[in-house]
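The lines below spell out each chain.
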Amino acid sequence: MTGVLLPTPTLHTPRLRLRPFGGTDADDLFALHSNAYVLRYWDSPPWSDRVRAKRFIAACRQMAEDGTGARLAVDRVSDGAFIGWCSLSRWNPDYRSASLGYCFRAAAWGHGYATEAADAVLRWAFDTLDLNRVQAETDTRNVASARVLEKLGFSKGAEP
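Predicted model, so just to flag it, every value in this text is computed and none were measured.

A. Up close: the pattern of salt bridges. With the rule as written, the count across this model stands at ten salt bridges. Note that Asp-25 and Arg-19 form a salt bridge whose closest N and O atoms lie 2.7 Å from each other. Considered together, Asp-25 and Arg-19 belong to a single accessibility category, that of buried residues. As a salt-bridge pair, Asp-119 and Arg-123 come within 2.9 Å of each other at their nearest N and O atoms. Taken together, the residues span about one helical turn, with Asp-119 and Arg-123 both in helix α3 (residues 113-127) at a distance of four residues. Given a relative accessible area of 29%, Asp-119 falls into the partly exposed group.

Right under this line is the structure:
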């Protein structure tokens, strides 16, 4: 815990709006995280209980209050549809570092949304939070996610 409030921003890109999660996002969030295909490379099983979505949203608020991160819902500007989320977690102002994460609906894959959303979060991280290091993890079998990270300038490497 950093003890520093990390306000969750609202970020805009040409095609996306990244915003704090609200209670009305629970159904979309459950649909995303209960999809076994979407989560096939995830480090935990798909959700089977709808209460998990409410806990996730509460955890988003807690992250901001604790000053440890920001998890943003991602909506498509053209129709307002929720398509996933992007986060900055494990924020450490002393070391000026954090971790990037994201999860998107299968229907949103292949359109560059993950790259666009993550790029907006990274710009915020480096410009506003003055970070000098952001790391990300992906399953080695998840070629698409590895490609997103590559496009964002991440390089492969082991944890120190």
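From this point, the narrative continues.
B. Local environment of the packing of aromatic side chains. If you walk through the whole model with that rule in mind, you get six aromatic pairs. When the centroid spacing of 5.5 Å and the interplanar angle of 80 degrees are considered together, the rings of Phe-21 and Phe-56 count as edge-to-face. With a gap of 35 residues between them, Phe-21 in the loop between β2 (16-20) and α1 (26-33) and Phe-56 in helix α2 (residues 51-66) connect regions that are remote in the sequence. Accessibility classification places Phe-21 together with Phe-56 in one group, the buried group. Ring pairs connect the aromatic residues Phe-21, Trp-42, Trp-47, Phe-56, Phe-82 and Trp-85, which therefore count as one cluster. Cation over ring: Arg-40 sits above Tyr-37, and NZ or CZ is 4.1 Å from the ring centre. The positively charged end of Arg-71 is found above the aromatic ring belonging to Trp-85, 5.4 Å away from the centroid.

C. Molecular detail of the nonpolar core. Among the nonpolar cores identified, the biggest contains 32 residues, and Leu-18, Cys-86, Leu-88, Leu-100 and Phe-104 are the most heavily contacted of them. Those elements giving two or more residues to this core turn out to be β2, β3 (70-76), β4 (82-92), β5 (97-104), α3 and α4 (143-151). In terms of residue count, α3 provides more of this core than any other element does, nine residues in total. With near-sequence residues (within four places) excluded, Leu-100 lies in contact with Cys-86, Ser-87, Ala-118, Val-121, Leu-122, Val-134, Gln-135, Ala-136, Leu-149, Leu-152 and Phe-154. Of all hydrophobic cores here, the second largest spans 16 residues; its members include Leu-39, Ala-53, Trp-85 and Cys-103.

D. Main features of the sheet that holds β3. In space, the six strands of this open sheet follow the order β1-β2-β3-β4-β5-β6, with mixed pairing throughout. Two strands bound the open sheet, and with one partner strand each, they are β1 (11-12) and β6 (133-136). Across six bridges, β3 lies against β4 in antiparallel orientation. Counted as the bridge partner of Ala-70 is Leu-88 from β4. Along the sheet, α3 contacts β1, β2, β3, β4, β5 and β6; its crossing angle with β4, the most-contacted strand, is approximately 30 degrees.

Rules behind the numbers
Residues numbered from 1 in each chain as written. Predicted model: local features only at pLDDT ≥ 70, side-chain atom pairs only at ≥ 80, totals over all residues. Heavy atoms only, no water. Salt bridge = Lys/Arg side-chain N within 4 Å of Asp/Glu carboxyl O. Buried < 20%, exposed > 50% of the residue type's maximum accessible area, 1.4 Å probe, protein only. Helix = DSSP H or I, 4+ residues; strand = E, 2+ residues; numbered from the N terminus. Phe/Tyr/Trp six-rings, centres within 6.5 Å; stacked < 30°, edge-to-face > 60°. Lys NZ or Arg CZ within 6 Å of the ring centre and 35° of its normal. Core = buried A, V, L, I, M, F, W, Y, C linked by side-chain atoms within 4.5 Å. Contact = heavy atoms within 4.5 Å. Pairing = 2+ DSSP bridges. Axes fitted to C-alpha atoms, helices over the stretch in contact; angles between N-to-C directions.

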